[in-house]
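# A structural walkthrough
Single-letter residue listing:
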Amino acid sequence: MENRQHRRGKWLLLLRTPGWKLFIVFLMASSIDGQIRYSIPEETKKGALIGNVAQDLGLDLSRLRSGRARIVSGESNQYTELKADKGILVVKERIDREQLCGEVTLCSFSFEIILENPIELHRVTVEILDVNDHAPTFKNKVINLEISESATIGSHFDLESAYDPDAGIYSLQNYVLSPNEHFVLKQHSNADGVRFAVMILQKPLDRELSPHVSLKLIAVDGGTPQRSGTVNIEINVLDNNDNPPKFNQSLYKAIVMENAPIGTYITTVNASDADRSSDGLVTYSFSNIKGNYAFEIDSLSGRITVVDSIDYEKDKKYEIRVIAKDQGGLTDASKVVIEVLDTNDNAPVITIMSFSNTVSEDVPPGTTLAVFNVKDADSERNGQIKCSVDSNLPFKIQSSLTDYYNLLSDVALDRETTPEYNITITATDSGSPPLSSFACLHLKLSDVNDNPPIFEHPNYSTTIIENNTPGGSVFSLSAQDADWNQNAKISYFLEDTDVSGSPVSTYLSINSESGVLHAARSFDYEQITQLVFTVKAQDGGSPPLSSNVTVKMLIQDQNDNPPQVLYPVQTGGSVVAEMVPRSADVGYLVTKVVAVDVDSGQNAWLSYKLQKATDRALFEVGSQNGEIRTIRQVTDKDAVKQRLTVIVEDNGQPSRSATVIVNVAVADSFPEVLSEFTDFPHDKEYNDNLTFYLVLALAVVSFLFITCLVVIISVKIYRWRQSRILYHSNLPVIPYYPPRYSDTLGTGTLPHVYNYEVCRTTDSRKSDNKFGGAGGQNVLIMDPSSTGTMQRIQSEKSILDQPDSPVEQKPPNNDWRFTQGQRPGPSGPHMPYGTHIRWTPKNGTRATGGPEVAMGTGPWPQPPTEAEQLQALMAAANVSEATATLGPGTMGLSTRYSPQFTLQHVPDYRQNVYIPGSTATLTSNPQQQQATAQQATQQALPPPQASAQAEPPKAAQTPASKKKSTKKEKK
């Protein structure tokens, strides 16, 4: 067998001929299936490689794994195995060709390799090559022959045939007879290829010399090495037997039905022998019985009958050699051919090759749902199969390969209509009677989001009462989705629409899961009467499907508005009266009360009633139209002034009302009416409100007036007290003059700068003018309590430390400057003296000193020494009398430059006065004039160079102070 391994081969047969192309649709995929043919010797060991399926089919290993490639076959025995991870086909079980195929020369078996996703079906045929594993065998170990010594030369004797189950060259090929001098061997073959041997007598037998002859017959096959079988031939030589038996037919034919019962008669063979007596007795026997035949022959009569079951699927025809033998050992042979007629004894066998019990509902018609194989062991019509399913089901069966069928969808499937199917496949043969088999498949449809949500109604209408509570439930919507699971999960949304110019979301909200509508705010029927919006229901599929429905929500009116009276108009400032002439008859139309109610329906139905009247017997009000008419004749006794109170009431529950007052004048002329109605009181409520507001306004004005008055008086008292403190003290007010006071522009016509003190009082006769010399002067400021002194540069609070005090020196505003034409005295570059007036503005800012002070670079003069303070104290006694005569007030100059220019802002109000346009010093006191002249002379002199500080200015001397000064100098 090992030497024959080279005979193994493989062929890949693709059925691509123009006349035969196999197209099979599997799950929306189309593939051309081919046949792969392999050949292997029988008895190949388990696990041996048959072939590389992946390579031969042109498939990747990944495709085999993903498609779950497997072998499907209708046979009970699985001889091969597919290694999907390697793509190879190997031997799974021991294969015996003789057991698998019997005497069939070409032995093979087929199976299918199926792949899924998409489904592909490939047929594989494995041919089993025979090996010489069997030797020829004889049924019997010894062949006994009786031959008469009178047998003529050329007589032939049929021998038992040997049986070799191998096929082809490995089957029985030759017979060999052991060497002898009497017989030779001649070989023949039947139509089925079975070889048999015949011995021919070539030398007469002599019973006296050799009564018994022993020979050997060897059967040899064609294998290498050859296998053989041997049988012994024992020949007994008898006396004379002249005539051998002869069959009347060389060939007998018979027919037997499959599954014929035991004992069924087949046929009878007949042979005759010309000899007499015992030599003419013929017996019959089968020569080449293979295994256990289903037939037997009566040895005397030659009648052949059935002794075992006959299966057409195993043996379709029997060829039997019958030997007729007489008592002299002479024989003759004939052939009996028995044909087996097939009966329909095998029902079709259904094998499901591929089936998925779940399929999507949106598969197109013609999609393959299952692949199955149907086989029938019967032949011809008995083996012709027809497959079908229930005609009420949306499926059909289509044949693909031989014995293979596809279950296809015939129409579009809908899970919502039928979620699952029980499919019964029926396979029926064409026998008589026909046989059928069934296979049941349970198919479930998986859901696809192919159904949008459906509302219960095409549109909805609901109502809600106005003045509802925000956040409350208003209405509930519900939609159904025929899909399943997530595809049937519905969410609700409000479509973006505008209602009265505002988004609908400002009015309503919806629960996305339950579909309950909630009011986002309180509705007012008078503002909006209805809401028309769209609600969308959307499922949870992918992509999601949705449907819309229109909802109309009507706002129901509620009696929340009282009637409004349009006429007569109620005014608070005037009286409107209707005139009724005294000659008016009964039913005279006085006026008509006109009212409206913004509510609707019965809430707006108004009724009118007369609540109060000056004379109820004179007027009436129409309950429906509000007309006020007289109910009797007007007389002279009726009062001119008639006051009617009419109630206008709506029909709501509860009802609301409004009251209107109608003034009626019973008179014939307007003057009479005017005189009567001038004293008509105003409406009480209006008068009460007006009185309240008037009293409130008066109280506020009075409070503001008193507050302002108190503030003004407090300020006046404070300033008066400050001025009194200065007047009652013995300390003079010594002003401070910055050194070299000049115009801030620094452009003057005089070469020197001089200072003047201008003192004005309420009594101009006591005013004087003081001419000051050039140079810096220090100022001594005393504490108002006369207990100590303080310097000018200290920052603590004092009586003189006011906003208009000369503590902070700032340049004057442009309003306080003098132009060159306004400067005092004659102008010119050669004038030795000039005058300059120092003003104190309202904010207390004085003119600066010399150029260095004006520019902010020069230092201020040093404060006065103790000696200078002592001189100032002594000079204070001379001015005490004059200070007593002066009071607080403003000077004549302050009316132009500052309304707050008081006495404390000027250095001295009693001494000097300056008259613009003149250099003269005017005074009413001769002594004053003399002192002024002396002071001017001293100031004209240049200051001493040794002195580091300029002396402070001296107060103008009066006659009294002049005497004290003389005494002081003497001391």
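An unreviewed UniProt entry annotates the protein as Protocadherin 1 gamma 32 originating from Fundulus heteroclitus. We quote the UniProt Subcellular location (unreviewed entry) comment for the protein here in full: "Cell membrane".

## Looking at the overall build of the protein
Scanning the protein from terminus to terminus reveals 11 helices and 60 strands. When the 971 residues of the protein are sorted by exposure, 42% land in the buried category. Residue pairs at least 24 apart in sequence account for 69% of intrachain contacts in the protein once pairs closer than 6 positions are excluded. Accessible surface for the protein amounts to roughly 51,800 Å². Of this, 52% is attributable to carbon and sulfur atoms.

## Examining the state of the cysteines
Under the counting rule described, the total for this entry stands at 1 disulfide. The disulfide that involves Cys 101 links it to Cys 107, with 1.6 Å between the sulfurs. Looking down the S-S bond of the Cys 101 and Cys 107 bridge, the torsion is 70°, so its handedness is right-handed. Accessibility assignment for this pair places Cys 101 and Cys 107 in one class, buried.

## Quick notes on the sheet that holds strand E29 (residues 349-355)
What the 4 strands build is an open sheet, ordered E29-E31-E34-E33; its pairing is antiparallel. The open sheet has two edge strands with one neighbour each: E29 and strand E33 (395-399). For this sheet the average axis-to-axis angle between neighbouring strands, irrespective of direction, equals 30°. Sheet topology note: the E33/strand E34 (residues 404-409) ladder contains 5 bridges and is antiparallel. Considered in E34, the bridge of Phe 395 is made with Ser 409.

## Regarding a nonpolar patch on the surface
Residues Phe 692, Tyr 693, Leu 696, Val 700, Phe 703 and Leu 704 make up a contiguous nonpolar surface patch of roughly 660 Å² in combined accessible area. Within the fold, Val 700 resides in helix H5 (residues 684-728).

## Notes on the sheet that holds strand E24 (residues 282-286)
Strand order across the open sheet formed by 4 strands is E21-E28-E27-E24, with mixed pairing between neighbours. On the outer flanks of this sheet lie strand E21 (251-257) and E24, each paired with one strand and no other. In this sheet, neighbouring strand axes are inclined to one another by 25° on average, regardless of whether the strands run parallel or antiparallel. The pairing of E21 with strand E28 (residues 331-341) spans 7 bridges and is parallel. From the neighbouring strand, Met 257 faces E28, where its bridge partner is Leu 341.

## Notes on the packing of aromatic side chains
Going through the model one piece at a time under the given rule, you end up with 13 aromatic pairs. With a centroid separation of 6.4 Å and 50° between ring planes, the pair formed by Phe 138 and Tyr 175 is classed as tilted. One end of the pair, Phe 138, is in strand E11 (residues 137-138); the other, Tyr 175, is in strand E15 (residues 172-177), and 37 residues separate them in sequence. This pair shows no difference in class: Phe 138 is buried, exactly as Tyr 175 is. Taken together, a centroid distance of 5.9 Å and an interplanar angle of 50° make the contact between Phe 247 and Tyr 284 tilted. With Phe 247 in strand E20 (residues 246-247) and Tyr 284 in strand E24, this pair connects stretches of sequence that are 37 residues apart. According to the relative accessible area criterion, Tyr 284 is buried, its value standing at 6%. Residue placement shows Arg 321 over the ring face of Phe 196; its charged tip is 4.0 Å from the ring centre.

## What about the side chain of Ser 547?
Mapped onto the secondary structure, Ser 547 falls in strand E47 (residues 546-556). At 2.4 Å, the side chain of Ser 547 forms a polar contact with the backbone oxygen of Pro 453. Setting aside residues up to four positions removed in sequence, Ser 547 forms contacts with Pro 453, Ile 454, Phe 455, Val 535, Lys 536 and Ala 537.

## Some words on the nonpolar core
Phe 455, Leu 508, Leu 531, Phe 533 and Val 535 are the most contacted members of the largest nonpolar core, which totals 28 residues. The contact partners of Leu 531, leaving out residues within four places of it in the chain, are Val 499, Tyr 507, Leu 508, Phe 523, Val 551, Lys 552 and Met 553.

## A look at the pairing of strand E55 (residues 641-650)
Of all the 10 residues making up E55, 7 are buried; the element is thus mostly covered by neighbouring parts of the structure. Both strand E52 (residues 606-613) and E55 contribute to a ladder of 7 bridges, which runs antiparallel. Bridge pairing in E55 links Ser 607 to Glu 649. Bridge count between E55 and strand E56 (residues 657-666): 9 bridges; the pairing is antiparallel. When the bridges of E56 are listed, Gln 642 appears paired with Val 664. Between E55 and the antiparallel strand that follows it, E56, lie 6 residues.

## Some words on the pairing of strand E9 (residues 107-115)
Within E9, 7 of the 9 residues are buried, leaving the element largely enclosed by the surrounding structure. Here 3 bridges tie strand E6 (residues 70-72) to E9, and the two strands are oriented antiparallel to one another. Opposite Ile 71, over in E9, you have Ile 113 as the bridge partner. Pairing of E9 with strand E10 (residues 120-129) involves 9 bridges; the strand directions are antiparallel. Considered in E10, the bridge of Phe 109 is made with Val 126. The antiparallel pairing of E9 with E10 creates a hairpin that spans 4 residues between the two strands, and Asn 117 there sits at a positive phi of about 55°.

Parameters at a glance
Per chain, residues are indexed from 1 in the order of the written sequence. Only residues with pLDDT of 70 or above have their local features reported here, since the model is predicted, and side-chain atom pairs are shown and tallied only from 80 upward, although totals for entire chains, interfaces and linings are computed over all residues. For the side-chain quantities, the full set of heavy atoms in the structure was used; hydrogens and water were omitted. UniProt positions are given in the numbering used here, feature names are shortened, and annotations may be inferred rather than shown by experiment. For helices the rule is a DSSP run of H or I covering at least 4 residues; for strands it is a run of E covering at least 2, with both sets numbered from the N terminus onward. Only protein chains enter the area calculation, which uses a 1.4 Å probe; residues under 20% of their type maximum are buried, those over 50% are exposed, and those in between are partly exposed. Contacts: residue pairs with any heavy atoms within 4.5 Å of one another. Here the open area of atoms and residues is found with the Shrake-Rupley method and a 1.4 Å probe, where only the protein chains shown may cover a residue. A pair of cysteine sulfur atoms is labelled a disulfide when the two atoms are within 2.5 Å. Only when DSSP finds a minimum of two bridges between them are two strands counted as paired. A fitted line through C-alpha atoms serves as each axis, taken over the contacting stretch for helices, and the angle formed by two N-to-C directions is quoted from 0 to 180°. Patch definition: residues above 30% relative accessible area lacking any salt bridge, with like charges linked at up to 9 Å and the nonpolar side chains Val, Leu, Ile, Met, Phe, Trp and Tyr linked at up to 5 Å. Throughout this description, the term salt bridge denotes a Lys or Arg side-chain nitrogen within 4 Å of a carboxyl oxygen of Asp or Glu. Each Phe, Tyr or Trp ring, with Trp reduced to its six-membered ring, pairs with another whose centre is within 6.5 Å; inter-plane angles below 30 degrees give stacked pairs, above 60 give edge-to-face pairs, and intermediate values give tilted ones. The rule is short: NZ of Lys or CZ of Arg within 6 Å of the ring centre and within 35 degrees of the ring normal puts a charge over the ring. Polar contact is the term for a pair of N or O atoms within 3.5 Å; when the atoms are in protein, one must be able to donate a hydrogen and the other to accept it, and sequence-neighboring residues count only if both atoms are side-chain atoms. Grouping buried Ala, Val, Leu, Ile, Met, Phe, Trp, Tyr and Cys residues that are joined through side-chain atoms within 4.5 Å yields what is termed a nonpolar core.

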